[in-house]
Amino acid sequence: MPDRAVTTDAPSAPTDAGPPPPAPEPERRRLSFARRLVLSVWFWPTAFAALAVGWRLGSPEMWHDELVTVDVATRSTGQILGMLENVDAVHGAYYLFMHGWTSLFGTGPAVVRLPSALAMVLATTCVALVGRRLFDRTAGVAAGFVFALVPTVTRFGQETRSYAFVVLAAAAATLFLLRALEKPGWLRWIAYALSVAGIGLVNVVALTLLLGHGVAVLIHCWRERRWWSPAWFVLAAAAGVGIAAPVILRGMKQAGRQISWIPDSAPWTVWEQVFGSVLLAAAITALALVGVLTHLRRDVAARTAAAAVIAALPVPVILVASTGDINYFFSKYLLFLVPAWAVLAGAAVGALRRAPLVAVGVVVLAALSVPGQLALRGEYSHGWYTYPQKRAFAPLSYSEAARVIEAGYQPGDGLVAGGPWWWMHEPGVRYYLPADISPRNVFQERSAAARDELFGADCASPARCLRDEPRLWVLLPTVTDAPLTGLPKKQSAALAERYEVVRVTHVTGLTVALLRKRG
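Please read all numbers here as calculations on a predicted model, not as lab measurements.

(A) Local environment of unusual backbone geometry. Across the junction of Tyr 387 and Pro 388, the peptide omega takes the value 10 degrees, indicating a cis bond. Its location among the elements puts Pro 388 in the loop between helix 19 (355-375) and helix 20 (398-408). The phi angle at Asp 88 is positive, at roughly 65 degrees, despite the residue not being glycine. Examined against the element boundaries, Asp 88 turns out to sit in the loop between helix 5 (77-84) and helix 6 (92-105).

(B) Fine view of the pairing of strand 5 (residues 471-476). Burial within strand 5 is extensive, with 6 of its 6 residues counted as buried. Here strand 5 shows two buried faces, one formed by Arg 471, Trp 473 and Leu 475 and the other by Leu 472, Val 474 and Leu 476. With 4 bridges joining them, strand 1 (residues 414-417) and strand 5 adopt parallel strand pairing. For Ala 417, the partnering residue across the bridge sits in strand 5 and is Leu 475. For strand 5 and strand 7 (residues 510-517), the ladder comprises 6 bridges, and the chain directions are antiparallel. Bridge pairing in strand 7 links Arg 471 to Arg 516.

(C) Region of the structure containing a nonpolar patch on the surface. The grouping of Trp 186, Leu 187, Ile 190, Leu 194, Trp 228, Trp 232 and Ile 243 at the surface amounts to a nonpolar patch, some 850 Å² of accessible area in total. Of all the secondary structure elements, the ones that give two or more residues to the nonpolar patch are helix 11 (186-202) and helix 13 (229-258). No other element matches helix 11, which puts 4 residues into the nonpolar patch. Judged by relative accessible area, Leu 194 falls into the exposed class, the value being 52%.

(D) Inspection of the nonpolar core at higher detail. Counting residues in each nonpolar core, the largest one holds 101 residues, and the members touching the most others are Phe 147, Tyr 192 and Phe 275. It is helix 10 (residues 163-182) that contributes the most residues to this core, 15 residues altogether. Not counting residues up to four positions away in its chain, the partners in contact with Tyr 192 are Ala 173, Phe 176, Leu 177, Leu 210, His 213, Phe 233, Ala 236 and Ala 237.

Cut-offs used in this document
- All residue numbers here refer to positions counted from 1 along the written sequence of the relevant chain.
- Reporting of local features is limited, given that this is a predicted model, to residues whose pLDDT is at least 70; pairs of side-chain atoms are given and counted only at 80 or more, and all residues count toward the totals for whole chains, interfaces and linings.
- The side-chain figures draw on all heavy atoms in the structure; neither hydrogens nor water molecules are used.
- Strands here are runs of E lasting at least two residues and helices are runs of H or I lasting at least four, both read from the DSSP assignment and numbered beginning at the N terminus.
- Relative accessibility decides the category of a residue: with a 1.4 Å probe and only protein chains considered, values under 20% of the type maximum give buried, values over 50% give exposed, and everything between is partly exposed.
- Note on pairing: two strands pair once DSSP finds at least 2 bridges between them.
- Here the term patch refers to residues with relative accessible area over 30% and no salt bridge, with like charges joined within 9 Å and nonpolar side chains (Val, Leu, Ile, Met, Phe, Trp, Tyr) within 5 Å.
- Surface accessibility follows the Shrake-Rupley procedure with a 1.4 Å probe radius. Residue values consider only the protein chains on display as shielding.
- One side-chain nitrogen of Lys or Arg within 4 Å of one carboxyl oxygen of Asp or Glu is enough to make a salt bridge.
- Nine residue types can take part in a nonpolar core, namely buried Ala, Val, Leu, Ile, Met, Phe, Trp, Tyr and Cys, and a core is a set of them joined through side-chain atoms within 4.5 Å.
- Should any heavy atoms of two residues lie within 4.5 Å, those residues are considered in contact.

Structure follows, in C-alpha cells:
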C-alpha cells in the first residue's frame, strides 16, 4: 500500500507531448476574424480618420450654418415641412434626419456634429475600397490615408451640415458602381441607385458625378464587352434621380434666393479651399496626375482612365454651368470630388510599392496638412469656410455673449436682437444660454417657426410691442459703443423714450448692451 502511494504521488517522467492541442473552433474563428480585420485595406485608414475627425469634435464655436441646422431640427416635423416649401429644400432630408437625432440625443455641440463625423469615417472606408478595386491593395490603403489627411475632410466631418453626407454618398456611389460592374446583379444596382438618391437629396451639384460614372461604364463595356451594363446604369441612375426629384425641383426654384450671393472666384482659389490647404491642393493634384501616368499600362489602363474621368469630368461641367447668374463653383459644393482625387493620389503613392516608401509618402502629406488641420480646429474655425484665403467675415462668439447675459440676468428681462438675421446671433446666444434663461424677444411679432421661415417677423409698431420689462438686453452682430444706433429707427426711438443704456459689453464680433427702464 505505501509503495503504491509513493508511485502514484511521484512526478511523472517528462515526455514529448507534441504540439499543444488546437484552439476550439469558435476561438479560431475569432482570431481569424480579428486578423482579417486588422489586415483589411480599409481598417487603418478608417481608424485614423475616426481619431482625426473625433479630435476636438465639440470644441469649435457653433457658427451660423450650424445654428440654422439646430434651430430647424428642433422644430416639429410639420413646421420643418412647412419651411421647406419656402426655403432650404435642398437640406430637407438632412433636417428631418437631424430632427430625429436631436430628439433622441440632444443638441450639444459634439452630439449634433457626431453624424457628420461618422459619415466622413465611413467615406474613408469607401475611398480605400475604391482604391483597391481600381488599382491594388497598396493604392487603396494610401488613398484612405490621403483622404483622411485632407483638412476639409475633418473640418466638415465636424460640422452640423449635410456636406459630410454628400461626400459619403459620392464615395459610396462610386464603390457600388464598381461592384455592380465587377459582378452585375440587381441588388448591387439597387445599392447604386440608393446612393445616387442620397447624392440628390443632399446636393444637386454633386449629381454631376454621374457624368463621370457614365463614361466609366462605357469604358468598362468596351473593355469587357458587357453591353448590358449601360442599360443597368441608366436605369439605376434614373431611379436614384427620380427618388430625389421632388427635392431637386423644389431646390431649383429656391436657388435664386439661396445661392445667388456666392461670389465668383478664380478656379484655383476655390480648389485650394476644397482641400483646405494651398500645399495639399497642389500636392494631391500633382499626385493625381502622376497616379494616372504611372498606371497607363495595358492591364490597368481602362480602370485608370475610368478613375480619371470620375475625378475630373465634373469640374469643367460645373465651371460651364456657373457662367450664368448663379455660381455653383463653390468650395463646399465641390467636396464630393475629394474621394475621387484622393484615390488617384493614393495610386501615385502606392506606385512606390515598398511599404517604407509608401509610409514616407503618407507622412510627407501629413506634414503638409498640419497647418490646415490646426487652422480649421481653432475656436472660430467653422466660420472660416474660405480658408486658406482670408475670412469672409469676422468671427462671432455667441458663447461669450451668452455668458455676459447669464451673469447679469434677472427674471423679467427682455431681449432685443438687431442687425441682419443671417448672423443667427439671437439663436446662437440662446443656444449657449441655460435652459432656464429665455428672455422674450420684445420686438418679434411672429417666430421663424410660425412663419415657416428661417427668420421671424418684427412688429410694425415697436412701441406697441413693448410690455413692462424693467430691463432689456440688446444684442448686435457688430462692435459698437452706441447700441441703439444699430437698430431700426422705430425700435431705436421706442427704446430711447423708455430706457437708458447702463452697460455696454464687447465680446468677439458682438455687442451686448443692458438697458434699464427710466424712472
